[in-house]
Amino acid sequence: MKFADRAGLNVVKIFPGESKSAKTPNNRPIFEECLQFIRDGNADGILSWEPNRLARNLMDGGQIQHLLDLGILKDLKFPNTHFENTSTGKFMLSMLFSQAKFYVDDLSQNVRRGMNVKLNQGWAPFCAPVGYLNIRDFNGARIITDGERFPMVQRLWKLFLTGYYSVPQLLEEAHKMGLTIPVRRKSGGSLISRSGLFKMLGSEFYAGYFWFARKRYVGKHEPMITLKQFNEAQALLGRIDRPRMKQREFAYRGLMTCGECGFAVTAEETKKDNGKSCKSYIYYHCSHKRKEYECRQRSVEEKELDRQVQIILNGFSIGEREADACRKAAAELMAKESSFFEGVRRERQKKIERLQKSLDNLTRLRVEDRISDDEFERQRGILKNDLVEAERSASSRTPLTDNWFETIEKGLNLLKSLEKEIKCADSIKMAQLLKELGSNPRLTDKKLSINGKKHLLLISKKPKSSSWWNVVTAVRNILINRPPDAHSVKGG
Ligand SMILES: [Zn+2]
């Protein structure tokens, strides 16, 4: 405006800045409106900040030049560039327009080049989905896991993959957890929406891949789920035709090994037609893949396995009251242990103070000339050594007391819920519980056995209330000395 005053221009109308890109022609309604305004004879000049603001594509530039040629447009004014409506001036203007176009082209080429580098490095060039964050540091732009949301989203995937959750139910879980969309420039901060959840469940990004410009890339970001799980989720969503329809999912397949030859136990479905109805049976049997050995193990029906798994699970089950007694004993032990370690820490501190005092005393003796130089050096050496030793042990970590307590708590929650879970569990759920309780399930002579986790076994023995203390102490010793060990348990 100041410029207009100075140049003595009569401003007829001000057109607001265009929000749309000047790169493509016919994409700028305000520019069109402005030209029409001039064609209609309402004005005979344009005042613009710079030529490249006026036209960044050749068609826009051409229109302006054409209006100048026709004499409808008499003059152009730019605060920073001089323009004269002469043949030289028009030639200069076309140069400026071309330059603007070159700038735009070059910019997009650079952006594209940068994008290709990023894509080939495995970094998705877009806003990361919930559970991940875009960061930019000296290593360039990357996508990292969102410490707060990653575990939440991962839990949602796990829940969904159990097949027990519909999307609305999953949404409810997400809201219970308080899963929000990260705050970005204009959006975010709100709880995840239903459509957001659908989008999430359909995004291969979580399995470590991403799509860009209709091409699939292997991402460098940390995957949250496996590709197999992603495909399972798509099947559950009904997005691809369900592989379950083609091939039945066998609950215990891939879980057990053959007790005789050690090879995998596989499953098979057979149909028996008795004339009236067609019934299907699932059998599990050794895959008989060992070449030099002929395994004699025979097959077991899934129903029979269900029964045996149920017995194993029941063996671990404890009641609410036992769980409480155990937790109470564990809490007492932890309190005792913490105060013990606190005592140890205090002792160590005292020792350091004592040694420092002795060193001071020694120095005083030397100053007062009551001991010889040699004696002083010798004593000081000993004390210094002790001090270094004491300081080292003081800074050493005391065993983490809450780790074992947490493991016991988790175990208790699992064991006390078993009874309820078994009642409504299908084979898949039972297989999952079995995995949580122990390892190495094997099938020998149609009998299933697993190595139960030792600490869970100890707890599931359910001692009298007075001896929970001993159980908890034993469990603690197992847990702090080595990872949960296993003992064999058999189904009936
Ligand atoms: Zn076998």
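Residues numbered from 1 in each chain as written. Predicted model: local features only at pLDDT ≥ 70, side-chain atom pairs only at ≥ 80, totals over all residues.

1. Considerations on the overall build of the protein
Then step 1. Within the protein, the regular secondary structure consists of 17 helices and 13 strands.
Then step 2. For the protein, whose C-alpha radius of gyration is 38 Å, the value lies well above the compact-globule estimate of 23 Å for 492 residues.
Then step 3. Along the first, second and third principal axes, the C-alpha atoms of the protein reach 115 × 105 × 50 Å.
Then step 4. When each of the 492 residues of the protein is scored for burial, the buried share is 22%.
Then step 5. In the protein, once contacts between residues fewer than 6 apart in sequence are set aside, the share between residues at least 24 apart is 60%. (Helix = DSSP H or I, 4+ residues; strand = E, 2+ residues; numbered from the N terminus. Rg over C-alpha atoms; globule rule 2.2 N^0.38 Å. Buried ≥ 20, exposed ≤ 12 C-beta atoms within 10 Å, placed from the backbone. Contact = placed C-beta atoms within 7 Å.)

2. Some words on the sheet that holds strand S9 (residues 278-286)
Then step 1. Ordered in space as S8-S9-S10, the 3 strands form an open sheet in which the pairing is antiparallel. Across the chains shown, the open sheet's two edge strands, defined by having one partner strand only, are strand S8 (265-273) and strand S10 (300-301).
Then step 2. Note that S9 and S10 share 2 bridges and pair antiparallel. From the neighbouring strand, Tyr284 faces S10, where its bridge partner is Val300. (Pairing = 2+ DSSP bridges.)

3. Brief notes about the pairing of S8
Then step 1. Examined bridge by bridge, S8 and S9 share 9 bridges and lie antiparallel to one another. Bridge assignment links Glu269 to a residue of S9, and that residue is Ile282.
Then step 2. In this antiparallel pair of consecutive strands, S8 and S9, the connection spans 4 residues, and Gly275 shows a positive phi of 95°.

4. So, the nonpolar core
Then step 1. Judged by nonpolar contacts, the single largest core of 47 residues is most densely connected at Tyr252, Cys326, Leu415, Leu434, Ile459 and Val472.
Then step 2. The element that contributes the greatest number of residues to this core is helix H14 (residues 401-424), accounting for 7 residues.
Then step 3. When neighbours within four sequence positions are excluded, Leu415 is seen to be in contact with Phe316, Ser317, Ile318, Ala323, Leu456, Ile459 and Ser460.
Then step 4. Counting residues in each nonpolar core, the second largest holds 23 residues, with Phe160, Ala174, Ile192 and Phe205 among its members. (Core = buried A, V, L, I, M, F, W, Y, C linked by C-beta atoms within 7 Å.)

5. Looking at the packing of helix H7 (residues 167-177) against helix H8 (residues 194-201)
Two packed helices can be described by the angle between their axes and the distance between those axes.
Then step 1. Across the interface, H7 lies against H8 with an axial gap of 10 Å and an inter-helix angle of 105°. As the angle between them shows, H7 and H8 are arranged roughly perpendicular. Only Arg194, Leu197 and Phe198 of H8 make contact with H7, whose side of the interface consists of Val167, Leu170, Leu171 and Ala174.
Then step 2. Partitioned by chemical class, the residues of the contact of H7 with H8 number 6 nonpolar, no polar and 1 charged. (Axes fitted to C-alpha atoms, helices over the stretch in contact; angles between N-to-C directions. Parallel < 35°, antiparallel > 145°, perpendicular 65-115°, else oblique. Nonpolar A, V, L, I, M, F, W, Y, C, P; charged D, E, K, R; others polar.)

6. Some points on the domain arrangement of the protein
Then step 1. Looking at the protein, the domain boundaries give domain 1 (2-119), domain 2 (132-246) and domain 3 (257-306).
Then step 2. Centre-to-centre, using C-alpha coordinates, domain 1 lies 45 Å away from domain 2. (Domains from an automatic or database assignment.)

7. Examining the pairing of strand S11 (residues 438-444)
Then step 1. Of the strand pairs in this sheet, strand S7 (residues 257-258) and S11 are connected by 2 bridges, and their pairing is parallel. Within S11, the residue paired with Cys258 across the bridge is Leu443.
Then step 2. Counted between consecutive antiparallel strands, the loop separating S11 from strand S12 (residues 447-453) contains 2 residues, among which Asp445 sits at a positive phi close to 50°.

8. Focus: helix H5 (residues 87-121)
Then step 1. Here H5 contains 35 residues, and its C-alpha end-to-end distance of 51 Å stays within 8% of the 51 Å for a straight helix at 1.5 Å per residue.
Then step 2. In terms of burial, H5 is largely open, as just 3 of its 35 residues are buried.
Then step 3. Inspection of H5 places Leu93, Phe97 and Ala100 among the buried residues, and these make up the whole buried set.
Then step 4. Where H5 is buried, its residues contact helix H3 (51-54) and helix H4 (58-70).
Then step 5. Of the residues one or two after H5, Gly122 is the one with positive phi, at around 95°. (Expected span 1.5 Å × (residues − 1).)

9. A few points about the packing of helix H12 (residues 320-367) against helix H13 (residues 373-395)
Then step 1. One way to put it is that H12 packs onto H13 with a least axis distance of 9 Å and a crossing angle of 165°. As summarised for this structure, H12 and H13 are arranged roughly antiparallel, according to the angle between their axes. The interaxial crossing formed by H12 with H13 has left-handed handedness. Contacts between H12 and H13 pair Arg348, Gln349, Lys351, Ile352, Leu355, Gln356, Ser358, Leu359, Leu362 and Arg366 from the former with Phe376, Gln379, Arg380, Leu383, Asp386, Leu387, Ala390, Glu391, Ser393 and Ala394 from the latter.
Then step 2. Classifying every residue of the contact of H12 with H13 by side-chain character gives 9 nonpolar, 5 polar and 6 charged. (Left-handed = near helix turned anticlockwise from the far one by under 90°.)

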